[in-house]
Amino acid sequence: MFFLVTHDLYIYLFHRLQHANKILWRTHEAHHSGKEVDFLAGSRSHIVEIIINQTIEFAPIIILGANPMVIPIKALLDAMFGMFIHANIDVKLGKLKYFLNSPELHLWHHANYHEVFHANFSTKFSLWDHLFGTAYDPGHKPGGKRENWGLYYEYPKDYFLQHAFSVKRFDEQKLLRYRWFSWYYNLRPRMVGWLSSKWKLFQKLNPVTEKLEYKTSDNLPREPIELKSIQEDYILYDK
Ligand SMILES: [Zn+2]
Ligand SMILES: [Zn+2]
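Conventions used here
- Residues numbered from 1 in each chain as written.
- Chains lettered and ligands numbered in written order.
- Predicted model: local features only at pLDDT ≥ 70, side-chain atom pairs only at ≥ 80, totals over all residues.
- Heavy atoms only, no water.
- Phe/Tyr/Trp six-rings, centres within 6.5 Å; stacked < 30°, edge-to-face > 60°.
- Buried < 20%, exposed > 50% of the residue type's maximum accessible area, 1.4 Å probe, protein only.
- Donors = N, O, S within 2.8 Å, 3.2 Å for Na, K, Ca; no water.
- Tetrahedral: all angles 85-135°; square planar, octahedral: opposite > 155°, others 65-115°.
- Patch = residues over 30% accessible without salt bridge, like charges linked within 9 Å, V, L, I, M, F, W, Y side chains within 5 Å.
- Areas by Shrake-Rupley, 256 points an atom, 1.4 Å probe, with all protein chains shown as cover.
- Salt bridge = Lys/Arg side-chain N within 4 Å of Asp/Glu carboxyl O.
- Helix = DSSP H or I, 4+ residues; strand = E, 2+ residues; numbered from the N terminus.

**Q** Is there a simple way to think about the packing of aromatic side chains in this case?
**A** Two aromatic rings, taken as a pair, are described by how far apart their centres are and by the angle between their planes. Enumeration over the complete set of coordinates arrives at 16 aromatic pairs. Taking 5.4 Å as the distance between ring centres and 55° as the angle between the ring planes, the aromatic pair formed by Trp108 and Tyr113 counts as tilted. Summarising the burial analysis for this pair, Trp108 and Tyr113 share the class buried. Counting every residue linked through ring pairs, the aromatic cluster contains Tyr178, Trp180, Phe181 and Tyr185.

Now the structure itself:
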């Protein structure tokens, strides 16, 4: 219980800092990049974010000499709660929502609305958001369209490019001029396409395989796609 509460308070504060600090945001934006949020969204993280948070989570348990059983119990609770707060299920906790976190609150944290860029930072105990005045709970859902979710700017889809993007900003479309990049960028869609041609099962799993081939240097738009600024481009939520 001690580690559950202290770590949850730490993660609230660090998460809040990640949203307020430009450098730390680079380690957290990956978590917000999904345009569809479901129970798996919690496992989408930047590698640096994982290293920092897992070290701060588990090192004190070892250093303070707690029973080793605390580690798997805590890891299990974390995994379960991570899946629960990101799940796209209709669940209402009633009055308990002021103490325990739920999809009701955390899904708003993943929504692309100006009001929630600095709200609902809690992981397990929503108590922190209510205590520190960062809770946002309008009583309805963020919306069903892709633009209602995730980041307000273009973000790479590839795992390794996402990590590169956190170090240096670039425009994927511009880089497609380079043959080696275009080859690498289209490798995954090509593989999925090849698998779908061999097995029907993959076609069902990836119904949009034909659309996965990205633009090459021949049909590149002349002007680079510009990243939009946060102030100009926020979506007003529909009451
Ligand atoms: Zn966040
Ligand atoms: Zn999340």
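**Q** Can you walk me through the coordination of the zinc ion (ligand 2) in this structure?
**A** Put simply, the ideal angle at a metal is 109.5 degrees for four donors in tetrahedral geometry and 90 or 180 degrees for six donors in octahedral geometry. Distances from the zinc ion (ligand 2) to its protein donors, namely His31 (NE2), His86 (NE2), His106 (NE2) and His110 (NE2), fall within the range 2.1 Å. Considering all four donor atoms around the zinc ion (ligand 2), the spread of angles at the metal, 93 to 153°, places the coordination shape in the irregular class. We note that the donor set of the zinc ion (ligand 2) lies within a single chain, spaced as H-x54-H-x19-H-x3-H. The two metals, the zinc ion (ligand 2) and the zinc ion (ligand 1), are separated by 6.0 Å. Exposure class is identical for His106 and His110. Each is buried.

**Q** What's the story with a nonpolar patch on the surface in this structure? I'm lost.
**A** Taken together, the side chains of Ile47, Val48, Ile51, Tyr159 and Phe160 define a hydrophobic patch exposed on the protein surface, amounting to about 500 Å² of accessible area. Where the nonpolar patch is concerned, the elements lending two or more residues are α3 (47-63) and α7 (159-167). Tallying contributions element by element places α3 first for the nonpolar patch, with three residues. Position of Phe160 among the secondary structure elements: in helix α7.

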